[in-house]
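Analysis of the macromolecular model
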Amino acid sequence: MTIPQRTLGTASPLTVSAIGLGCMGMSEFYGTPDEAGGIATIHRALDLGVTFLDTADMYGPFTNEMLVGRAIAGRRDEVQVATKFGNERRPDGSRVGINGRPEYVRSACDASLQRLGVDHIDLYYQHRVDQSVPIEETVGAMKELVDAGKVRHLGLSEASAQTIRRAHAVHPITALQTEYSLFTRDLESEILPTLRELGIGLVPYSPLGRGILTGAMTADGLAGPGEVRGSAYFPRYSGENLDTNLALAGRLRGLAEHRGCTSGQLALAWVLAQGDDVAPIPGTKRVKYLEENVGAIEVTLDASEAAAIAAAVPADEVAGLRYGDLSNVNV
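What comes next is a walk through the structure. On a predicted model such as this, the values are computed, not experimentally measured, just so you know.

The next thing to look at is the pairing of strand β2 (residues 14-17). Where strand β1 (residues 5-8) and β2 come together, four bridges link them in antiparallel fashion. Looking at the pairing, Leu-8 lines up with Leu-14 of β2. Between the end of β1 and the start of β2, which pair antiparallel, lie five residues, with Gly-9 showing a positive phi angle near 80°.

Rendered as structure tokens:
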């Protein structure tokens, strides 16, 4: 199988594999961290042609960038490394808050470069918008990093259409990373049209609905050590909300059986069918699930098939908010 490539952005284009790999869960949040498994998964991804790797300084915190750095040592030219700043944490894991101050942008970038063991970052995102700092100041500092050769392309994560426009006026934004899946489609009304007007690519995170769209999620599986999805932070994955959403995901399983693929592959195929400017980054720390995700490339959907899937799994029937606190999402 050959993994096709897609280009994010027009004014500052970056070519990446059509499916990327989210590395967060290798170090934190989704169960017990697994560094050896994570590195093996990254190596297998590169062998398969999945070259778009996503991390952030706050994952771990800090340890995920080091893991990615070790995994790509000797193979730097094969990968497009994306990382993020802005969700400031202390080494003990405690959270400081959102930070978009220019001096922090510069210091965070230098620290990420060191942890990754690279001389430049291919795509550098502001992880969350700091509402206390004008976006022009933050992106101005990010532009300085491009000018210095430390960063090649700029991105935002969970930003509103207005913020995207203001940022893009300072320096071309190559990609917006935001949650997007059959279960989360709120960006379609305003944000996605803005991206396409400005020539900005979309990098959907959690394209499998944090795992629920794979058909493998259970209440018992969300109760393990290091697992945050069953907490109040993610209201969709507990209590009656979870029951409702598992039933909704079951509809996708029936459609997938008809297509001869897995639920996760059909969910990813739907995201991929939303446009050639879309490059999802499903996360996993297991080679098995990586290989299953890559199989979505072979599940092609025309417009009518994608529309039928969307109609069968209506986003407005999903129970619960995607985050318990939406105050720093799409601002």
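That covers the picture; the talk isn't over yet.
Within the structure shown, the criterion is met by 22 salt bridges. Here Arg-89 ties to Glu-28 by a salt bridge, and the two come within 2.8 Å at their closest N and O atoms. In this pair, Arg-89 sits in strand β6 (residues 87-89) while Glu-28 sits in the loop between β3 (21-22) and α1 (35-48), placing the two residues 61 residues apart along the sequence. Judged by relative accessible area, which is 9%, Arg-89 ranks as buried. Ionic pairing is found between Arg-115 and Glu-65, a salt bridge with its closest N-O pair at 2.7 Å. Remark: Glu-65 occurs in helix α2 (residues 63-72) and Arg-115 occurs in helix α3 (residues 102-116); sequence separation between them is 50 residues. Classification of Glu-65 as buried rests on a relative accessible area of 0%. What you see here is one network of salt bridges that share partners, running through Glu-158, Glu-179, Arg-210 and Arg-322.

Leu-21, Ile-42, Phe-52, Ile-164 and Trp-270 are the most contacted members of the largest nonpolar core, which totals 100 residues. With seven residues, helix α8 (residues 263-272) is the single largest residue contributor to this core. With near-sequence residues (within four places) excluded, Leu-21 lies in contact with Met-26, Thr-41, Ile-42, Ala-45, Val-50, Phe-52, Leu-53, Asp-54, Ile-281, Pro-282, Thr-284 and Leu-290. Counting five residues, the second largest nonpolar core, distinct from the first, contains Phe-29, Ala-56, Met-58 and Tyr-59.

Between two packed helices, both the angle of their axes relative to each other and the distance between the axes serve to describe the pair. The geometry of α2 relative to α3 is characterised by a closest axis approach of 7 Å and an angle of 45° between their N-to-C directions. In terms of axis orientation, α2 runs oblique to α3. Residue-level inspection shows Glu-65, Met-66, Val-68 and Gly-69 of α2 in contact with α3, the latter providing Ser-112, Arg-115 and Leu-116. Considering only residue class, the contact of α2 with α3 consists of three nonpolar, two polar and two charged.

Listing the buried residues of helix α6 (residues 191-198) in full gives Ile-191, Leu-192, Thr-194, Leu-195 and Leu-198. One side of α6 holds all its buried residues, which, seen down the axis, span an arc of 160°. Tucked inside the fold, the buried residues of α6 contact α5 (161-170), β10 (173-179) and β11 (201-205). Gly-199 sits one or two residues past α6 and shows a positive phi near 75°.

A few words on the packing of aromatic side chains. A complete count under the given rule lists six aromatic pairs for this structure. A centroid spacing of 5.6 Å and a plane angle of 50° characterise the contact between Tyr-180 and Trp-270, whose relative ring orientation is tilted. With Tyr-180 in the loop between β10 and α6 and Trp-270 in helix α8, this residue pair connects regions lying 90 residues apart in the sequence. Residue classification places Tyr-180 among the buried positions, given a relative accessible area of 0%. Residue class for Trp-270 comes out buried when judged on its relative accessible area of 2%. With a centroid separation of 5.6 Å and an interplanar angle of 65°, the aromatic rings of Tyr-233 and Tyr-323 are classed as edge-to-face. In this pair, Tyr-233 is assigned in the loop between β11 and α7 (239-259) and Tyr-323 in the segment after α10 (303-312), connecting sequence segments 90 residues apart. Site record: aromatic cluster; members linked through ring pairs are Tyr-233, Phe-234, Tyr-237 and Tyr-323. Over the face of the ring belonging to Tyr-30 we find Arg-229, whose NZ or CZ atom lies 4.3 Å from the ring centre.

The residue Asp-130 is located in the loop between β8 (121-126) and α4 (135-147) in this model. Arg-101 provides the closest opposite charge to the buried, salt-bridge-free Asp-130, at an N-O distance of 5.4 Å. A distance of 2.8 Å separates a polar side-chain atom of Asp-130 from the backbone nitrogen of Gly-100. At 2.6 Å, the side chain of Asp-130 and the side chain of Ser-132 are in polar contact. Not counting the four nearest positions on each side in its chain, Asp-130 is found in contact with Ile-98, Asn-99, Gly-100 and Arg-101.

Scoring rules and cut-offs
- Residues numbered from 1 in each chain as written.
- Predicted model: local features only at pLDDT ≥ 70, side-chain atom pairs only at ≥ 80, totals over all residues.
- Heavy atoms only, no water.
- Pairing = 2+ DSSP bridges.
- Helix = DSSP H or I, 4+ residues; strand = E, 2+ residues; numbered from the N terminus.
- Salt bridge = Lys/Arg side-chain N within 4 Å of Asp/Glu carboxyl O.
- Buried < 20%, exposed > 50% of the residue type's maximum accessible area, 1.4 Å probe, protein only.
- Core = buried A, V, L, I, M, F, W, Y, C linked by side-chain atoms within 4.5 Å.
- Contact = heavy atoms within 4.5 Å.
- Axes fitted to C-alpha atoms, helices over the stretch in contact; angles between N-to-C directions.
- Parallel < 35°, antiparallel > 145°, perpendicular 65-115°, else oblique.
- Nonpolar A, V, L, I, M, F, W, Y, C, P; charged D, E, K, R; others polar.
- Arc of directions from axis to C-beta.
- Phe/Tyr/Trp six-rings, centres within 6.5 Å; stacked < 30°, edge-to-face > 60°.
- Lys NZ or Arg CZ within 6 Å of the ring centre and 35° of its normal.
- Lys, Arg positive; Asp, Glu negative; His and termini not counted.
- Polar contact = N/O pair within 3.5 Å; in protein donor to acceptor, adjacent residues only side chain to side chain.

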